[in-house]
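Structural description and commentary
Each chain, letter by letter, is given below.
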Amino acid sequence: MEAYTGFAEVYDLFMEDVPYEAWRDFLSGVLRREGIADGLVCELGCGTGRMTRLLAGCGYDMIGIDLSQEMLSIAREKESEGILYLEQDMREFELYGTVRAVVSVCDSMNYVLEEEDMLKVFCLVNNYLDPGGIFLFDLNTEYKFRELMGTQVFCEHHERGTLVWENYYDEETKVNEYALTIFSRQEQGLYRKYEELHYERSYGLERVICLLEQAGLEFVCACDGEDHGAVRKDSERIYILAKECQKGAGSLVK
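Residues numbered from 1 in each chain as written. Predicted model: local features only at pLDDT ≥ 70, side-chain atom pairs only at ≥ 80, totals over all residues. Heavy atoms only, no water.

Focus on the pairing of strand β5 (residues 129-140)
The condition is simple: Accessibility here uses a 1.4 Å probe with only protein chains present; expressed as a share of the type maximum, an area under 20% marks a residue as buried, one over 50% as exposed, and anything in between as partly exposed. The helix and strand labels rest on DSSP assignments: H or I over at least four residues marks a helix, E over at least two residues marks a strand, and numbering proceeds from the N terminus. Following DSSP output, two strands are said to pair if at least two bridges run between them. When the strands point away from the viewer and the connection leading from the first strand across the helix to the second strand turns clockwise, the crossover is called right-handed.
Along β5, nine of the 12 residues are buried, which leaves the element largely enclosed by surrounding structure. Here strand β4 (residues 99-104) runs beside β5; their pairing, made up of five bridges, is parallel. Bridged to Ala101 within β5 is Ile134. What joins β4 to β5 is helix α5 (residues 115-128), and the crossover it makes is right-handed. Note: β5 against strand β11 (residues 237-244), seven bridges, orientation antiparallel. Bridge pairing in β11 links Leu139 to Ile238.

Considering the sheet that holds strand β9 (residues 191-201)
We apply this condition: Here the axes come from fitting lines to C-alpha atoms, over the contacting stretch only for helices, and the angles between their N-to-C directions go from 0 to 180 degrees. Any pair of residues with heavy atoms lying within 4.5 Å of one another is described as a contacting pair.
Within the open sheet, the four strands sit side by side as β6-β7-β8-β9. Their pairing is antiparallel. With partners counted over all chains shown, the strands left at the sheet margins are β6 (153-158) and β9, one partner each. Across the sheet, the mean angle separating the axes of adjacent strands is 15° when strand polarity is ignored. Sheet topology note: the β6/strand β7 (residues 161-170) ladder contains six bridges and is antiparallel. Paired with His157 across the two strands is Thr162, which belongs to β7. Along the sheet, helix α6 (residues 142-149) makes contact with β6, β7, β8 (175-185) and β9, crossing β7 at roughly 110°.

Some thoughts on the packing of aromatic side chains
The cut-off we apply is this: Pairs were defined over the aromatic rings of Phe, Tyr and Trp, the Trp ring being its six-membered one, requiring ring centres within 6.5 Å. Orientation was assigned from the angle between planes: stacked under 30 degrees, edge-to-face over 60, tilted for the rest.
In total, this model carries nine aromatic pairs according to the counting rule given. Arranged with centres 4.4 Å apart and planes meeting at 35°, the rings of Phe26 and Tyr239 form a pair that is tilted. Placement of the pair is Phe26 in helix α2 (residues 20-33) and Tyr239 in strand β11, with a sequence separation of 213 residues. For Phe26, a relative accessible area of 11% translates into the label buried. Through pairs of rings, three or more aromatic residues link up here, namely Phe122, Phe135 and Phe137.

Structural notes on the sheet that holds strand β1 (residues 39-44)
Ordered in space as β3-β2-β1-β4-β5-β11-β10, the seven strands form an open sheet in which the pairing is mixed. The open sheet has two edge strands, β3 (84-87) and β10 (217-224), and neither has a second partner. When strand polarity is set aside, the average angle formed by the axes of neighbouring strands in this sheet is 20°. Strand direction decides the pairing type here: β1 and strand β2 (residues 60-66), joined by six bridges, are parallel. Along β2, the bridge assignment pairs Val41 with Met62. In the packing of helix α4 (residues 69-77) onto the sheet, contacts are made with β2 and β3, and the angle to β3 comes to roughly 165°. Contacts between helix α7 (residues 205-214) and the sheet are confined to β5, β10 and β11, with β10 contributing the most and set at about 155° to the helix.

As structure tokens, then:
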């Protein structure tokens, strides 16, 4: 079962409570503090383009990258004049040139399950950043996977559909598996059933910093995803800010 096929159809419906506007304000605030008030910005794991469009509204020329054809199809149906969407795997994405910043939110980076692949992503980000450009992304933490999600079943119902989420976190492999069963309301009151499996991995901050540095990126800081203060043991989501500082060994494209 592939991820983000049937779920794409109802993704925005079940993400209504996600504070995208607050996330946009944080991202754009960091970008501006780093001297990036306009220009090209790339979003990795853009999904249906919600954040891509919000950042475009802040004056950035946006590129959205996602592996899911279904999610991008929905993104392209939205009002998105000037946004370039690319169907690519973030582990081997290609751009036409460099960008001022790369961003990634909604735990897209957790979907990279192997450290070797995470390093590939970081190397590509470093390669496609302007000199001094920044990389800003979030991660779900092990605390969230272990303590809040664990082995539980979640259910959410809307008029247009129902979502059943069966979660399992493996502390040994650090991989969180969730099986989704989606009932999407169709015409004439009928429902279509989808089943998908998703996997995310938790990464410790120290290991992420090590991988960033191996890719030639400079780690700048990390903060709690909710109050933007210091990272705590019970932080559920964290933001990490890194900066392009050398293209040398970390670069995959000459």
